[in-house]
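# Coordinates in review
This is what each chain is made of:
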Amino acid sequence: MSLIPPNKISFFEFLVPMVASGKKTITIRDKSESHYVVGSEVEVFTLETNQQICNIKIESVDEIKFEDINEFHAQQEAMSLEKLKVLIKEIYPETENLFIIKYQLI
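Throughout what follows, the structure given in this document is the object of discussion.

## Quick notes on the pattern of salt bridges
Evaluation of the coordinates by the stated rule reveals 4 salt bridges. Measuring nitrogen to oxygen at the nearest pair gives 2.0 Å for the salt bridge that ties Lys24 to Glu77. Taken as a pair, Lys24 in the loop between helix H1 (16–21) and strand S2 (26–29) and Glu77 in helix H2 (residues 71–77) lie far apart in primary sequence, 53 residues in all. Classification of Lys24 as buried rests on a relative accessible area of 2%. Note on Glu77: relative accessible area 4%, which makes it buried. As a salt-bridge pair, Glu59 and Lys102 come within 3.4 Å of each other at their nearest N and O atoms. Taken together, the residues span a long stretch of sequence, with Glu59 in strand S4 (residues 52–65) and Lys102 in strand S5 (residues 97–105) at a distance of 43 residues. Judged by relative accessible area, which is 32%, Glu59 ranks as partly exposed.

## Quick look at the nonpolar core
By size, the foremost hydrophobic cluster in this structure holds 27 residues, and its most contacted members are Phe11, Ile28, Ile56, Ile69, Ile88 and Leu98. Elements with a minimum of two residues in this core: strand S1 (8–11), H1, S2, strand S3 (41–46), S4, helix H3 (81–91) and S5. Discounting residues that sit within four places of it in the chain, Ile69 has contacts with Ile28, Ile64, Leu81, Leu84, Lys85, Ile88 and Leu98.

## Things to note about the environment of Ile9
With respect to the secondary-structure elements, Ile9 resides in strand S1. In this structure Ile9 comes out as buried when scored by relative accessible area, which is 1%. Once the C-alpha coordinates of Ile9 and Asn97 are considered, the two residues, 88 residues apart in sequence, prove to be 20 Å apart. Filtering out sequence-adjacent residues up to four positions away, Ile9 remains in contact with Thr27, Arg29, Tyr36, Val42, Glu43, Val44, Phe45 and Ile56.

## Notes on unusual backbone geometry
With the exception of glycine, the majority of residues adopt a negative phi angle, and the majority of peptide bonds are in the trans configuration. Phi is positive for Asn50, which is not a glycine, with a value near 55°. Along the chain, the position of Asn50 falls in the loop between S3 and S4.

## Structural notes on the layout of surface pockets
Quantified by volume, the largest pocket comes out at close to 280 Å³. Around the largest pocket sit 20 residues that line it, and Ser10, Phe12, Thr27, Arg29 and Ile91 are the ones nearest its centre. The set of elements that each furnish at least two residues to the lining of the largest pocket consists of S1, S2 and H3. Classifying every residue of the lining of the largest pocket by side-chain character gives 13 nonpolar, 2 polar and 5 charged.

## Quick word on the side chain of Glu77
At a separation of 3.4 Å, a polar atom in the side chain of Glu77 contacts the main-chain amide nitrogen of Ile28. If we ignore the near neighbours within four places in the chain, the residues touching Glu77 are Met18, Lys24, Ile26, Thr27, Ile28 and Leu84.

Each value, and the rule that gives it
Residues numbered from 1 in each chain as written. Predicted model: local features only at pLDDT ≥ 70, side-chain atom pairs only at ≥ 80, totals over all residues. Heavy atoms only, no water. Salt bridge = Lys/Arg side-chain N within 4 Å of Asp/Glu carboxyl O. Helix = DSSP H or I, 4+ residues; strand = E, 2+ residues; numbered from the N terminus. Buried < 20%, exposed > 50% of the residue type's maximum accessible area, 1.4 Å probe, protein only. Core = buried A, V, L, I, M, F, W, Y, C linked by side-chain atoms within 4.5 Å. Contact = heavy atoms within 4.5 Å. 1 Å grid on protein atoms, 1.4 Å probe; cavity = no way out; pocket = protein on both sides within 12 Å on 5 of 7 lines; lining within 4 Å. Points joined across faces, edges and corners; volume = space filled by probe spheres on them. Nonpolar A, V, L, I, M, F, W, Y, C, P; charged D, E, K, R; others polar. Polar contact = N/O pair within 3.5 Å; in protein donor to acceptor, adjacent residues only side chain to side chain.

This is the structure in structure tokens:
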């Protein structure tokens, strides 16, 4: 039995404008949200209201340790490194192994 890859992804509403403009080009998720397939097209929704915003194409999915998240990742997330690390710890307080999902707006 194979898992059906996800065809939608949700972002907090405050992040959606950066996704829809193409400024935010990665998202960092835990293992439970890492099963995206490279090359697949995914619909973007707001987490709070489940409103469809745009579509993205998955470019890569790579594992990373929290401690290895750096300024380059923060630039791709369109926020400061400090803000990014605080946000990740709020969402995944006990998780050290994360996944960078790189995508492009389509």
